[in-house]
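A closer look at the structure
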Amino acid sequence: MTTMESAVETKAFQAEVSELLNLMVHSVYSETDIFLRELISNASDACDKLRYEAIGNPSLIGDGEPPKIRIIPDKEAKTLTIADSGIGMDRQELIDNLGTIARSGTKSFVSRLKDAKDGTGLIGQFGVGFYSAFMVADRIVVTSCRAGGGEAWTWSSAGGAGFEIAPADANDLQTPKRGTTIVLHLKADKANYCEAYEIERIVRAYSDNIQFPIELVDDKGEAKQINSASALWQRPKSELKPEDYKEAYKSIAGAFDEPAMTLHYRAEGRYSYAVLLFAPSTKPFDLFDPERKGRVKLYVRRVFITDDADLLPAYLRFIRGVIDSEDLPLNLSREMLQNNPQLAQIRKAVTGRVIGEFETLAEKRPDEFAKVWEAFGSVIKEGIYEDFERREKLLALSRFTTTSGEKRTLKQYLADLKSNQTEIYFLAGDSIERLKSNPKLESAAARGIEVLLLTDPVDAFWTSAPLDFDGKPLKSLSQGDIDFSLIPLLDDSKKDEAKSEADEANIIAAIKLNLGDRVSDVRVSQRLTSSASCLVAGSHGPDRELERLLARQNRGVGTKPILEINLRHPLVAAIPNAGDIAADLSFLLLEQAQILDGELPEDPAAFANRLNRLVVSGFSKG
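Small disclaimer: the values here were computed from a predicted structure and weren't measured. (Residues numbered from 1 in each chain as written. Predicted model: local features only at pLDDT ≥ 70, side-chain atom pairs only at ≥ 80, totals over all residues. Heavy atoms only, no water.)

Quick look at the overall build of the protein chain
Let me state the cut-off plainly: Helix numbering and strand numbering both begin at the N terminus, where a helix is a DSSP run of H or I of at least 4 residues and a strand a DSSP run of E of at least 2. Each residue's exposure class comes from its accessible area (1.4 Å probe, protein chains only) as a fraction of the maximum for that residue type: buried when under 20%, exposed when over 50%, partly exposed otherwise. The contact criterion used throughout is that any non-hydrogen atoms of two residues lie within 4.5 Å. Residue exposure ignores everything except the shown protein chains as possible cover, and the areas themselves are Shrake-Rupley values with a 1.4 Å probe.
Within the protein chain one finds 21 helices and 23 strands. For the protein chain, the residues scored as buried account for 50% of the 622 residues in total. Residue pairs at least 24 apart in sequence account for 71% of intrachain contacts in the protein chain once pairs closer than 6 positions are excluded. Accessible area of the protein chain: about 29,500 Å², with a carbon and sulfur share of 49%.

Notes on the packing of helix H3 (residues 34-56) against helix H6 (residues 196-207)
In plain terms, the rule: Only the contacting stretch of a helix is used when fitting its axis, a line to C-alpha atoms as for every element, and angles between N-to-C directions run 0 to 180 degrees. A crossing counts as left-handed when the near helix is turned anticlockwise from the far one by less than a right angle, and as right-handed when that turn is clockwise. Classes in brief: Ala, Val, Leu, Ile, Met, Phe, Trp, Tyr, Cys and Pro nonpolar; Asp, Glu, Lys and Arg charged; the others, Gly included, polar.
In the contact formed by H3 and H6, the axes pass within 10 Å of each other and the chain directions differ by 65 degrees. The two elements H3 and H6 cross, and the hand of that crossing is right-handed. In this structure, H3 uses Leu 36, Arg 37 and Ile 40 to contact H6, whose residues at the interface are Ile 199, Ile 202, Val 203, Tyr 206 and Ser 207. Residue composition of the contact of H3 with H6, grouped by class: six nonpolar, one polar and one charged.

Comments concerning a negative patch on the surface
For the record, the criterion: The patch calculation keeps residues exceeding 30% relative accessible area without a salt bridge and links them within 9 Å when they carry like charges or within 5 Å when they are nonpolar (Val, Leu, Ile, Met, Phe, Trp, Tyr). We define a salt bridge as a contact between a side-chain nitrogen of Lys or Arg and a carboxyl oxygen of Asp or Glu at a distance within 4 Å. Residues scored as charged are limited to Lys and Arg (positive) and Asp and Glu (negative), so that His and the chain ends carry no count. To locate a charge, take atom NZ for lysine, CZ for arginine, CG for aspartate or CD for glutamate.
A contiguous patch of negative charge, built from Asp 74, Glu 76, Asp 218, Asp 219 and Glu 222, is present on the exposed surface. Tracing the backbone through its elements, the reader meets Glu 76 in the loop between strand E2 (69-74) and strand E3 (79-84).

Some words on the sheet that holds strand E5 (residues 152-157)
Going by this rule: Pairs of strands are assigned from DSSP output, requiring at least two bridges between the strands.
Ordered by their spatial adjacency, nine strands build an open sheet running E1-E6-E5-E4-E7-E3-E2-E8-E9, and the pairing between neighbours is mixed. Among the strands making up the open sheet, the edge pair consists of strand E1 (9-12) and strand E9 (223-225). Neighbour-to-neighbour, the strand axes of the sheet open up by a mean angle of 20 degrees, direction not taken into account. By the bridge criterion, three bridges tie strand E8 (residues 214-217) to E9 in an arrangement that is antiparallel. Note that in E9 the partner of Leu 216 across the bridge is Lys 224.

Observations regarding the layout of surface pockets
Let me state the cut-off plainly: The rule is simple: put a 1 Å grid over the protein atoms alone, call a set of points where a 1.4 Å probe fits but cannot get out a cavity, call an open set with protein on both sides within 12 Å along at least five of seven lines a pocket, and count a residue as lining if it has an atom within 4 Å of a point. Grid points are joined across faces, edges and corners, and a volume is the space filled by probe spheres set on the points.
Its volume calculated, the second largest pocket comes out at about 780 Å³. Lining of the second largest pocket is provided by 27 residues; of these, Ala 83, Leu 173, Gln 174, Pro 176 and Thr 181 occupy positions nearest its centre. Contributing elements (two or more residues each) for the lining of the second largest pocket: E2, E3, strand E4 (137-145) and strand E7 (179-186).

Thoughts on unusual backbone geometry
Even without glycine at this site, Lys 407 takes up a positive phi of about 55 degrees. Relative accessible area serves as the criterion here: at 55%, Lys 407 is assigned to the exposed category. The residue Asn 420 is not glycine, and still its phi comes out positive at about 70 degrees.

Some remarks on the nonpolar core
The nonpolar side chains of a soluble globular protein tend to be buried with one another. Test applied: In plain words, nonpolar cores are sets of buried Ala, Val, Leu, Ile, Met, Phe, Trp, Tyr and Cys residues tied together by side-chain atoms within 4.5 Å.
The biggest cluster of nonpolar side chains holds 73 residues, and the ones touching the most others in it are Leu 277, Phe 318, Ile 319, Val 350 and Phe 358. The greatest single-element share of this core, amounting to eight residues, is contributed by helix H9 (residues 341-364). Among residues more than four places away in sequence, those in contact with Phe 358 are Met 261, Ala 279, Leu 316, Phe 318, Ile 319, Phe 369, Val 372, Ile 380 and Leu 397. Within the second largest apolar cluster, 43 residues are counted, among which are Ala 43, Cys 194, Tyr 206 and Ile 214.

Some remarks on the packing of helix H17 (residues 504-515) against helix H20 (residues 582-596)
Helix-helix packing is characterised by the crossing angle of the two axes and by the distance between the axes. Put simply, the rule reads: The cut-offs work like this: below 35 degrees is roughly parallel, past 145 is roughly antiparallel, 65 to 115 is roughly perpendicular, and the gaps in between are oblique.
At their nearest, the axes of H17 and H20 sit 9 Å apart, and the two run at 85 degrees to each other. In this view, H17 runs roughly perpendicular relative to H20, as classed from their interaxial angle. Between H17 and H20, the contacting residues are Ala 510, Ile 511, Asn 514 and Leu 515 on the first element and Ala 582, Ala 583, Ser 586, Phe 587, Leu 589 and Leu 590 on the second. Its residues assigned to classes, the contact of H17 with H20 comprises eight nonpolar, two polar and no charged.

Okay, here's the thing in structure tokens:
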């Protein structure tokens with residue numbers, strides 16, 4: 001060790017940490033208890049890591065002492081100590097883990113914490129649990145020795161601009177031989193956290209299911225265990241109460257909301273494993289993380305292995321919980337996780353059970369399922385595109401806003417099919433309001449045909465697959481040909497209005513000549529009853545909404561749309577005899593169709609000039 005390394009060093013916090021600590025210290029929180037849960041959770045993770053690493057290197061637990069967590073209050077000194085005999089940290093790990101925040105989402109956390117009246121509901125969701133201790137402490141001293149490392153280091157900070165790092169005193173009895181000891185120097189108004197009853201209350205509420213013993217040391221130095229230290233998922237359901245599951249959910253998932261769904265069972269047979277899974281009632285912050293990673297923890301015989309085993313498909317990544325196998329080897333490598341056939345079987349079986357639980361919830365407790373769908377429906381719908389095996393089940397679970405109402409199922413849709421209707425119609429766009437006013441709905445509305453109104457970005461992708469439900473194909477009103485001729489109009493008196501005396505061939509020829517290659521085709525529309533025009537996609541290739549989404553990412557194929565015209569509209573009928581303004585009228589048909597689809601005309605300035613010319617011409621004739 002060099003002289004520089006042996007001396008006390010002062011280092012600055014990463015910018016995000018400084019801002020976070022400032023918010024922690026100067027903000028008002030309704031529930032400061034959360035700091036203890038976070039520190040215990042970190043200690044439990046350290047114990048888990050030690051057990052896992054000791055599988056391949058038993059010497060890491062040379063003393064044979066099983067990992068545990070100790071809480072030591074000192075009323076006279078006004079300190080609270082949380083010590084664990086886990087994996088510990090070396091000097092660089094102390095600097096990296098406590099001086100910087102590498103986890104994605106932290107900037108988002110800081111931003112949301114500024115705006116929140118009470119930020120405790122955000123702690124734990126962004127990997128910043130340790131810093132919550134500054135809500136109750138003026139100064140924090142962390143002493144840690146990595147298992148197998150032999151050298152202990154001390155990190156200390158008063159929550160200002162930086163921290164100090166120095167070698168720990170090897171002669172100090174408080175210096176751990178292995179693991180981490182955190183000493184909180186409590187603020188004057190937080191002395192209640194030295195009371196035994198307060199500590200026991202918090203541990204029972206938040207950390208009772210931690211599988212390592214949590215011991216409370218009294219002023220005589222005597223220790224007693226204050227948590228059950230049993231894996232709740234291994235206990236029979238008959239022994240558990242709803243409150244037990246709620247507390248387990250908050251402990252396992254690091255969440256503050258109530259679980260919207262709980263699934264607890266044990267699988268016996270070729271493979272044996274215990275499952276405890278929860279569907280949250282609110283969206284986790286990382287729900288739309290591009291990596292789409294799951295957060296279900298894998299245990300093997302109660303030994304934590306990883307939370308990165310992809311135990312559920314990506315479209316169920318919002319599910320939180322534990323799967324504990326009795327058969328998998330403890331020394332699972334990343335390659336074995338990816339290729340292990342037993343894990344593949346567990347994944348398939350558990351996915352089926354989760355979907356089955358959703359089906360039961362939707363049937364027996366529809367109000368509760370509605371909450372799940374509202375929070376995670378856009379994610380579940382990813383499975384319609386990705387999971388062919390369960391596509392029909394996922395379609396049946398899906399809830400839609402339609403022209404007939406909200407939270408409609410496809411089963412309800414089929415029950416209300418019109419005479420001679422053989423397809424399920426949908427229209428995709430970016431907002432319900434814009435879709436409801438879209439001219440492509442006109443002919444369907446005239447016949448009372450229900451249309452699914454799809455506004456989630458994922459809708460443009462799953463609808464691009466060839467889909468059917470109960471034998472009825474799904475059909476976009478923005479793509480391909482539409483023929484409603486066999487479905488009767490709601491008002492028979494309007495049948496005669498459907499006929500037009502306009503010169504179809506000359507109108508189409510004139511529009512094609514004026515628009516050139518801006519459209520791939522011009523044809524008479526079966527979709528329109530009152531509007532002049534609309535844009536649709538061809539039968540092959542992406543739908544209009546998918547084309548727009550891909551274009552925004554510079555991934556579009558550049559397919560030109562088809563312009564459909566309504567021969568009964570005066571603007572269309574006027575084109576053959578419009579003379580010099582025929583070109584302006586043709587462009588107006590294209591550009592107003594683009595605007596109604598939520599797009600801008602290719603040349604907004606030219607559109608404005610063209611519209612002005614037509615308006616002035618109208619005034620002149622008047």
